[in-house]
Structure formats: structure tokens, C-alpha cells
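# Fold and contact review
Take a look at the letters that make up each chain.
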Amino acid sequence: MTKLSQIFPIYDISSKGVIISDNKASLTACFELTMPIIFTMGESQFEDMVERFRNFIELLGEEVIVHKQDMFHREVFSYHPEEFGKEHDADFIETSYLLHFNERNYLNCRTYLYITKLNTGSLKSFMSKDFAKSDDSVFVSSILGASEVLKDYIEFRHIDKTELLSAKSPVSRYMNFSSADLEEYKDIDFSNNSVFVGSTRVQIYSVDDLNQYPTDNIGYHSHYQGLPVSNLFSFSYPFDCPHVVNSYIYIPNQKGLKKKKKKRIGDLKGFNVKGS
């Protein structure tokens, strides 16, 4: 039987809420993102937001994995006047609009961002798990500092240790495939060539081949029903079912990457291609 520690290779969670991996003492900080409301921005704003996100990634440095996770779960909209500040001075049209959707199902999206600093084993990297514990506050502060370039569009909220260990943890919500605050994890069943989380059947798809990606929209935004939508939003927002989308960006060591590319170019030059 597989142990849970093998599925979650976590050595410890520091007091600052940084997850330390059990294999190479890599550090992972978790953040909840508040994204702009979809369809509320123009094309120039989307371009600026994507460029700022690119700048944010560059500020994170090398040997970093950026993991964006969008969780879409079905919830029920409930209208409580006191929560909207309309208990005394309610606008008739706005109130009627809210009452129209009261107690209706909708897909609510929560977006999380996980930043992992890999331990490459070099002298300039983290030397041990104990050292990683002492350096966690610097790690979180550097990410929050870099996120300032996005403050006009995206709000970052650092998830601390207490929340990571609670029922509100994004790990708990992901493993339970639910937005409910569940204290225990549901059973995961892999029998009959299927995946079940509790009684819910889960289908998993991966896109890891460049040929699977579209080539007609390599820009800052796309259009949906005539309205611009930033490419920072999950491509799955039109889906009408609960789902989770995981997107990853790996920033390798640039010197090592250039060295590999030069070697690759040298190898290709060794071929005498007719007509080239």
C-alpha cells in the first residue's frame, strides 16, 4: 500500500507557511489570487496585465516553477442584503437583479499560485532543510515584492501555515475536489481504470505536446462572444461543469539552457543537408 508521505513528499511546513519538500528541500510558497472580473477590461489593459505578469516571472529568478491552479466548483448564490450594504437603501433594479439569481447554481473560481524554488544542489542554492527553514521569510518577502508589479490588476494573499493545515487549505480542496471545508480527505479509488474522489468520477487530461497547443492566438487575449478575454484567465472558463486547471511554467538556469542550445546548434551543423 502506498504511504501518504510518498504522495505528499512534504518534509515540513515552516512557521511562515512555506512548504519544504522531503527530497531536495525545495521551497514552495502558496498564494490566493484575486483576479479581475472577466469581461470587465479592455484589450490594452489585458496586454499590460500579461506584460506585467511576464515581468513578475522574470523577477522570481532562475530554477523556479510557477504553478497556477484554477478551481471551478459549483456553488449556490445567496443574496443577503446586509452583506451588500443594501438593508436600508436598496436600489430597486439592483435588488431585483440579485433576487433573480438568488439560490441559483453557478461555478465559482478560486485561483491559487504556487511558487517553488528548486534546490539544485549547488553551493549558491539551499544547503539543507534546516537552512530552508531559516530562509523562508526572505523567500516569501521576495515574492510579495515582485508581485507589486501586478498590484493594479491582481491581488496576492499569502496562505499561512494555519490555513494550509486547516479545512480551508487549497490542498484539502484539491484532494477532495470540493470547495466545502472538509476536515478529512475523501477516499480516492483507482479501480476499473477510473478515478473516483469519494463518489465523484474524475477525468484527467494533460496537454504537454507543443503540437496540442493552438497556433492561431499567440497574443495577449482572445475573444469570447465578441468580448475580449485575457489569456491569463483559464481557457476553461466557458465549461459548465466543476473542474480544476493546473498550469506550469518552469524557469531553468539560463546559462545552462544557452549551453545546451549552443551544443544542439553545433550538432545540427554537423549534418550536411542538401539544399540548405
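The structure under discussion appears in the preceding block.
Residues numbered from 1 in each chain as written. Predicted model: local features only at pLDDT ≥ 70, side-chain atom pairs only at ≥ 80, totals over all residues. Heavy atoms only, no water.

### Comments concerning the overall build of the protein
- When its secondary structure is counted, the protein shows nine helices and 12 strands.
- Taking all 276 residues of the protein together, 32% fall into the buried category.
- For the protein, restricting intrachain contacts to residue pairs at least 6 apart in sequence, the fraction spanning at least 24 positions comes to 73%.
- A total of about 18600 Å² of accessible surface is found on the protein, and carbon and sulfur atoms cover 54% of it. (Helix = DSSP H or I, 4+ residues; strand = E, 2+ residues; numbered from the N terminus. Buried < 20%, exposed > 50% of the residue type's maximum accessible area, 1.4 Å probe, protein only. Contact = heavy atoms within 4.5 Å. Areas by Shrake-Rupley, 256 points an atom, 1.4 Å probe, with all protein chains shown as cover.)

### Concerning the nonpolar core
- Within the largest apolar cluster, 31 residues are counted, with the highest numbers of intra-cluster contacts made by Phe56, Leu60, Ile115, Ile143, Ile154 and Phe156.
- With six residues, the top contributor of residues to this core is helix α2 (residues 43-59).
- Phe156 has contacts with Phe31, Glu32, Leu33, Phe56, Leu113, Leu144, Ser147 and Leu150, leaving out every residue within four places of it along the chain.
- Core analysis: the next-biggest nonpolar cluster, separate from the first, contains eight residues, Ile19, Cys30, Tyr112 and Ile159 among them. (Core = buried A, V, L, I, M, F, W, Y, C linked by side-chain atoms within 4.5 Å.)

### Quick word on the packing of aromatic side chains
- The final tally for this structure, using the stated rule, is three aromatic pairs.
- When the ring of Phe31 is compared with that of Phe156, the centres are 5.9 Å apart and the planes differ by 70°; the resulting orientation is edge-to-face. Taken as a pair, Phe31 in strand β3 (residues 27-34) and Phe156 in strand β6 (residues 155-158) lie far apart in primary sequence, 125 residues in all. In this pair, the class of Phe31 matches that of Phe156, namely buried. (Phe/Tyr/Trp six-rings, centres within 6.5 Å; stacked < 30°, edge-to-face > 60°.)

### Some words on the side chain of Asn176
- Along the chain, Asn176 falls in helix α8 (residues 170-176).
- Looking at Asn176, the relative accessible area reads 1%, which means it is buried.

### Some thoughts on the sheet that holds strand β8 (residues 195-197)
- Read from one edge of the open sheet, three strands run β7-β8-β9, paired in antiparallel fashion. Looking at strand neighbours, the two that pair on one side only are β7 (188-189) and β9 (200-202), the edges of this open sheet.
- Judged from the three bridges that link them, β8 and β9 form a sheet pairing that is antiparallel. Among the inter-strand pairings, Val195 is bridged to a residue of β9, identified as Val202. (Pairing = 2+ DSSP bridges.)

### What about unusual backbone geometry?
- The residue Phe177 is not glycine, and still its phi comes out positive at about 50°.
- With respect to the helices and strands, the residue Phe177 is situated in the loop between α8 and β7.
- Exposure remark for Phe177: the relative accessible area of 21% places this residue in the partly exposed category.
- Even without glycine at this site, Asn192 takes up a positive phi of about 55°.

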